[in-house]
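Single-letter residue listing:
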Amino acid sequence: MQVNTAHAVGSPEYLEMLERIERDKVCPFCVDFCQDKPPTYHPNQILLGTKWWVATPSVRKYKGAVKQFLFVPKTHVLEPWQLPEEAWANLQFVIREVTKMENMPAAAFLMRFGDTDYTGASVVHLHANLIMGVSREEGTEPLLAYIGYQKPE
Ligand SMILES: [Zn+2]
């Protein structure tokens, strides 16, 4: 399983895309981001590509996110420790460049890995999201992201 359709929460179009990927029996991130050609499934332009990473606007921003970018390693790995140190050093560069290009004064960097039934991720190929909401002020609420599951209290 390359995608987890249970995590296409609240978006019929996103669910449709995941179901298409499931039928095609491919890893969507390998097809879209590892072959140096325009994405097949992902509808957004590549913002920045390096030897190791691709950064692109996320398809499905978290509720309340003003900006959100998807970071994908250009090699099919499932766990962070499968990437060489060079890729991690390059990730620092990519985060900094995207943050500068998009005039983001601050952001959260969220990376989930492993069994998607634990994490809420929809694609198993390792990836991360760079997320920015608004600055806290009267009336703002926390911006929430899926990072896993809990039993009801
Ligand atoms: Zn892949």
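Residues numbered from 1 in each chain as written. Predicted model: local features only at pLDDT ≥ 70, side-chain atom pairs only at ≥ 80, totals over all residues. Heavy atoms only, no water.

Visitor: How should I be thinking about the overall build of the chain in this particular structure?
Guide: From N to C terminus, the chain includes four helices and five strands. Across the chain, helices and strands are ordered from the amino to the carboxyl terminus as α-α-β-β-β-α-β-α-β. Taking 153 residues into account, the globule formula puts the C-alpha radius of gyration at 15 Å, and the chain, at 15 Å, falls close to it. By principal-axis analysis of the C-alpha atoms, the chain measures approximately 45 × 40 × 30 Å. Among the 153 residues that make up the chain, the fraction classed as buried is 41%. (Helix = DSSP H or I, 4+ residues; strand = E, 2+ residues; numbered from the N terminus. Rg over C-alpha atoms; globule rule 2.2 N^0.38 Å. Buried < 20%, exposed > 50% of the residue type's maximum accessible area, 1.4 Å probe, protein only.)

Visitor: I would appreciate a short explanation of the coordination of the zinc ion in the present structure.
Guide: Under ideal tetrahedral coordination, the four donors around a metal are separated by 109.5 degrees; under ideal octahedral coordination, the six donors are separated by 90 or 180 degrees. Distances from the zinc ion to its protein donors, Cys27 (SG), Cys30 (SG), His76 (ND1) and His125 (ND1), fall within 1.9 to 2.3 Å. Coordination at the zinc ion comes from four donor atoms whose angles at the metal span 104 to 115°, giving a geometry best classed as tetrahedral. The sequence motif formed by the donor residues of the zinc ion is C-x2-C-x45-H-x48-H. Taken together, the residues span a long stretch of sequence, with His76 in the loop between strand 3 (67-73) and helix 3 (85-101) and His125 in the loop between helix 4 (116-119) and strand 5 (127-132) at a distance of 49 residues. Residue class for His76 comes out partly exposed when judged on its relative accessible area of 35%. Note on His125: relative accessible area 0%, which makes it buried. (Donors = N, O, S within 2.8 Å, 3.2 Å for Na, K, Ca; no water. Tetrahedral: all angles 85-135°; square planar, octahedral: opposite > 155°, others 65-115°.)

Visitor: What exactly am I supposed to notice about a negative patch on the surface here?
Guide: A cluster of acidic residues, Glu13, Glu16, Glu19 and Glu22, forms a negative patch at the surface. The class of Glu19 is partly exposed, set by a relative accessible area of 33%. (Patch = residues over 30% accessible without salt bridge, like charges linked within 9 Å, V, L, I, M, F, W, Y side chains within 5 Å. Areas by Shrake-Rupley, 256 points an atom, 1.4 Å probe, with all protein chains shown as cover. Salt bridge = Lys/Arg side-chain N within 4 Å of Asp/Glu carboxyl O. Lys, Arg positive; Asp, Glu negative; His and termini not counted. Charge placed at Lys NZ, Arg CZ, Asp CG, Glu CD.)

Visitor: How should the side chain of Asn4 be read in this particular structure?
Guide: Note that Asn4 resides in the segment before helix 1 (12-24). With residues up to four places along the chain from it excluded, the contact list for Asn4 reads Leu18, Thr116, Asp117, Ala121 and Ser122. (Contact = heavy atoms within 4.5 Å.)

Visitor: What's the story with the sheet that holds strand 5 in this structure? I'm lost.
Guide: Strands pair in a sheet through their backbones, by hydrogen bonds, and they do so in one of two ways: parallel or antiparallel. Spatial ordering of the open sheet is given by 1-2-3-5-4, a layout of five strands whose pairing is antiparallel. Each having just a single partner strand, strand 1 (48-49) and strand 4 (108-112) make up the two edges of the open sheet. Bridge analysis of strand 1 against strand 2 (residues 53-57) gives two bridges, and the strand direction is antiparallel. Along strand 2, the bridge assignment pairs Gly49 with Val54. This element, helix 3, spans strand 1, strand 2, strand 3, strand 4 and strand 5 of the sheet and lies at about 25° to strand 2. (Pairing = 2+ DSSP bridges. Axes fitted to C-alpha atoms, helices over the stretch in contact; angles between N-to-C directions.)

Visitor: Teacher, can you tell me more about the packing of aromatic side chains here?
Guide: Two numbers describe a pair of aromatic rings. These are the distance of the centres and the angle of the planes. Scanning all chains against the criterion turns up four aromatic pairs. Measuring from centroid to centroid gives 5.4 Å for Phe71 and Phe109, while their planes differ by 90°, and the two rings are edge-to-face. In this pair, Phe71 sits in strand 3 while Phe109 sits in strand 4, placing the two residues 38 residues apart along the sequence. Phe109 gets classed as partly exposed once you look at its relative accessible area, which sits at 33%. (Phe/Tyr/Trp six-rings, centres within 6.5 Å; stacked < 30°, edge-to-face > 60°.)

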